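# Examination of the molecular architecture
Take a look at the letters that make up each chain.
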Amino acid sequence: MSPTMPNTRHTLCLAGCVALLLVALLALAPAALADAELTAHMPVTNTLDVPLDSTVVLTYSAEMSATTVTSTTVAVHSMMQGLVTETHSTTGEVVTVTPSRAFHPGEIVYTTATTHTADITGTHPVSPTVWQFTALAVGGTGRYGAAAHDSFGAGTSRSMALGDLDGDGDLDAVITNSDAAQEVWLNDGSGDYGSAAHDIFGAGNGNSVALGDVDGDGDLDVVDRQREPGARGVAERRLR
Ligand SMILES: [Ca+2]
Ligand SMILES: [Ca+2]
Ligand SMILES: [Ca+2]
């Protein structure tokens, strides 16, 4: 046997061990994130007690390009007010959105982070992210007294929705009637809606209604469904 054989076997064994160690380390290493991915956000999804003046903070995996972060690419919509995105501040990987108005107590808020943002190299996120949270509601006794404070017309109402339709900070009402036109009632700021509807639309047969910023221009739009007795319903979209 050659005197060099043991050294050769030792060298081969060492190389094999090193290779195995590298494979093991690679298996344990976390998967590398692609650039510009959203890795965390505050408030986190489904938080129920978010302060009314809270900001929304998004953390990405790379330094973001401030010019790509706008109210179109990172938008905050509240269910009762529509688009509330005001200013974006971008510092490195962190984007902070400061809403233009305080959230209403108990309302649901949605943040949409699209794939049209980019990091400083121009790389976009692979997927959009949408999440929701709920604004904090405090106080109150849960008791409502014996008499209604206001009544809304004489129609046979089928459904209603609340939202700030005129953008003055208080909650207005949309009511659908089965035997009269649909009605918008504006809040005077103290919870009173007056004695007359502010706006009417449609021709009755209202069945259900929902509010949302359908066209993305910042204000709340109305989607209502009307239904003739014994007939199929017709959905209408009314944009502002
Ligand atoms: Ca209002
Ligand atoms: Ca008002
Ligand atoms: Ca709108």
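Each residue is numbered by its place in its chain's sequence as written, counting from 1. Labels are handed out in written order, letters beginning with A for the chains and numbers beginning with 1 for the ligands. It should be noted that, the model being predicted, local features are given only for residues of pLDDT at least 70 and side-chain atom pairs only at 80 or more, the latter also being counted only at that level, while totals for whole chains, interfaces and linings use all residues.

## Concerning the sheet that holds strand 5 (residues 85-91)
Here is the rule we go by: Any two strands are treated as partners once DSSP identifies two or more bridges connecting them. Only DSSP runs of H or I with at least four residues qualify as helices, and only runs of E with at least two residues qualify as strands; both kinds are numbered from the N terminus onward. Lines are fitted to the C-alpha atoms to define the axes, a helix being fitted only along its stretch in contact, and any angle between axes, read from their N-to-C directions, falls within 0 to 180 degrees.
The sheet built from four strands is open, its strands ordered 1-2-6-5 with antiparallel pairing. In the strand order of this sheet, the two ends are held by strand 1 (38-42) and strand 5, each with one partner. Pairs of neighbouring strands in the sheet enclose a mean axial angle of 20°, with direction left out of account. Bridge count for strand 5 against strand 6 (residues 94-99) is six bridges, and the pairing is antiparallel. Following the sheet pairing, H88 is matched in strand 6 by V97.

## Points about the nonpolar core
Heads up, the rule is: Here, a nonpolar core denotes buried Ala, Val, Leu, Ile, Met, Phe, Trp, Tyr and Cys residues that are linked to one another through C-beta atoms within 7 Å. In this scheme every C-beta is placed from the backbone, and a residue whose C-beta has 20 or more other C-beta atoms within 10 Å is buried, one with 12 or fewer is exposed, and one in between is partly exposed. Placing C-beta atoms from the backbone, we regard two residues as in contact once those atoms come within 7 Å.
Counting 19 residues, the largest nonpolar core has L58, V74, V76 and V95 as its most contacted members. Sorting the residues of this core by element identifies strand 2 (56-60), strand 3 (74-78), strand 6 and strand 7 (108-113) as the ones contributing at least two each. Every residue in contact with V95, bar those within four places of it in the chain, is listed here: L58, M64, V69, V74, H88 and T90.

## Regarding the pairing of strand 2
Side chains of strand 2 alternate between two faces, with V56, L58 and Y60 buried and V57 and T59 left unburied. Sheet topology note: the strand 1/strand 2 ladder contains four bridges and is antiparallel. Paired with A40 across the two strands is T59, which belongs to strand 2. Pairing geometry for strand 2 and strand 6, over four bridges, is antiparallel. Bridging from a neighbouring strand, T59 pairs with V94 of strand 6.

## Some words on the environment of T85
By the secondary structure assignment, T85 is in strand 5. What makes T85 buried here is the crowd of 22 C-beta atoms within 10 Å. Discounting chain neighbours no more than four positions away, the residues touching T85 are S71, A75, V76, V97, P99 and S100.

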